[in-house]
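Breakdown of the fold
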Amino acid sequence: MKSPLPSLLLVSSIVFAPFAAVAQTAPTASVAKEPALTPAQINQGFKSGLTTIVNQALTPTAIKVPAPKLFAEAEAPLVKANKAAIYQRFNAALTETVNKTTPRAAELIKNAVKDLKIEDATPLLSGSSDAGTQFLRKAVQASVREALLPIIKQAATGAGLAVKAREVFSTLDAAGVKGGAKAISDLEEHVYKQVIDQSFKQIAQREAAVRAQPDLLTGNALGQKVFALAKK
């Protein structure tokens with residue numbers, strides 16, 4: 001008696017042959033990959049992203065410049081002598097000077113970033129959370145300073161800042177207050193440094209946020225793609 005096994009194998013091969021053929025010839029599904037960004041696109045995207053960051057970040061009204069240390073120390077003696085109004089007038093002049101300066105500082109920085117030249121953005125992408133901000137500040141600080149100091153001087157003169165500052169120290173007997181004259185002469189520099197430091201601090205905070213969430217670059221598709229590379 002013949003074994004039925006060869007017959008069963010023959011039937012099985014006939015029945016399942018079409019399925020095996022399909023399995024062998026079915027094409028492998030491929031996932032379309034987005035083309036890699038070119039170095040030029042990375043540079044362009046980083047610059048456009050940084051421009052968006054600057055525009056989003058700078059909030060002039062949020063910048064508050066405190067009085068220099070020597071002036072701040074003069075407040076208590078004036079209050080004790082019932083002459084607090086003298087310090088208040090100085091502080092009001094300082095605030096007026098700052099309020100007239102900060103919008104112009106923001107404008108200068110925004111204009112400067114437009115002319116920024118980036119030859120290789122790759123190290124900036126892989127750098128610290130404020131690498132772009134540091135690069136921008138180094139690139140534009142000389143031109144921004146040159147343009148901003150005359151604006152501060154004009155605003156300080158209009159507010160009578162130096163006059164009110166001298167009143168503070170003359171009331172306390174300027175001869176007995178070490179450094180009073182220098183503190184007065186340094187007021188415009190103090191305003192400049194505080195405004196610039198706080199402006200770039202705002203930019204650095206926004207850059208860090210964008211690196212963590214590139215979608216914050218609203219309306220800037222290329223910038224989003226480039227800053228997304230920093231997360232990989």
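The paragraphs below set out a description of the structure included in this document.

Parameters at a glance
Residues numbered from 1 in each chain as written. Predicted model: local features only at pLDDT ≥ 70, side-chain atom pairs only at ≥ 80, totals over all residues. Heavy atoms only, no water. Helix = DSSP H or I, 4+ residues; strand = E, 2+ residues; numbered from the N terminus. Buried < 20%, exposed > 50% of the residue type's maximum accessible area, 1.4 Å probe, protein only. Contact = heavy atoms within 4.5 Å. Phe/Tyr/Trp six-rings, centres within 6.5 Å; stacked < 30°, edge-to-face > 60°. Arc of directions from axis to C-beta. Core = buried A, V, L, I, M, F, W, Y, C linked by side-chain atoms within 4.5 Å. Axes fitted to C-alpha atoms, helices over the stretch in contact; angles between N-to-C directions. Parallel < 35°, antiparallel > 145°, perpendicular 65-115°, else oblique. Left-handed = near helix turned anticlockwise from the far one by under 90°. Polar contact = N/O pair within 3.5 Å; in protein donor to acceptor, adjacent residues only side chain to side chain.

**What to know about the overall build of the chain**
Helices and strands together make up the secondary structure of the chain, namely ten helices and zero strands. What you see in the chain, going N to C, is helices and strands ordered as α-α-α-α-α-α-α-α-α-α. With 232 residues in all, the chain has 34% of them scored as buried. Within the chain, residue pairs in contact and separated by at least 24 positions form 83% of the contacts whose partners lie at least 6 positions apart.

**What to know about the packing of aromatic side chains**
Geometry of an aromatic ring pair is reported as the spacing of the ring centres plus the angle between the planes. All chains considered together, the criterion is met by four aromatic pairs. Between Phe71 and Phe169, the ring centres sit 4.8 Å apart and the planes meet at 70 degrees, which makes this aromatic pair edge-to-face. Residue Phe71 is located in helix α3 (residues 69-80), and its partner Phe169 is located in helix α7 (residues 161-171); the two are separated by 98 residues in the primary sequence. Residue Phe71 is classed as buried on the basis of its relative accessible area, which comes to 0%. Assessed through its relative accessible area of 2%, Phe169 is described here as buried. Centre to centre, the rings of Tyr87 and Phe90 are 5.9 Å apart; their planes meet at 55 degrees, and the pair counts as tilted. Taken as a pair, Tyr87 and Phe90 lie in helix α4 (residues 84-114) at a separation of three residues, close to a single helical turn. Note on accessibility: Tyr87 and Phe90 belong to one class, buried.

**Let's talk about α7**
Of the residues making up α7, those classed as buried are Leu161, Ala165, Val168 and Phe169. Buried positions in α7, seen along its axis, are confined to an arc of 85 degrees and lie on one side of it. Summarising the contacts, the buried residues of α7 are in contact with α3, α4, α6 (131-159), α8 (180-185) and α9 (187-212).

**Observations regarding the nonpolar core**
Grouped burial of nonpolar side chains is what soluble globular proteins tend to show. Ranked by size, the top nonpolar core spans 54 residues in total, and within it Phe46, Phe71, Phe90, Ile109, Leu136, Val168 and Ile203 carry the most contacts. For this core, the leading source of residues is α4, giving eleven residues.

**Considering the packing of α3 against α7**
Relative to each other, α3 and α7 sit at 55 degrees, their axes nearing to 10 Å. The angle between the axes of α3 and α7 places the two elements in the oblique class. Crossing hand, α3 versus α7: left-handed. Where α3 approaches α7, its residues Leu70, Phe71, Ala74 and Leu78 are matched on the opposing element by Ala165, Val168, Phe169 and Thr171.

**Here's the deal with the environment of Gln202**
Relative to the elements of secondary structure, Gln202 occurs in helix α9. Sequence spacing of Gln202 and Ile53 is 149 residues, and the spatial spacing of their C-alpha atoms is 9.6 Å. Each residue touching Gln202, except ones within four places of it in the same chain, is listed here: Ala57, Leu58, Thr59, Ala62 and Ile63. Polar contacts involving the side chain of Gln202 include one to the main-chain amide nitrogen of Thr59, which spans 2.9 Å.

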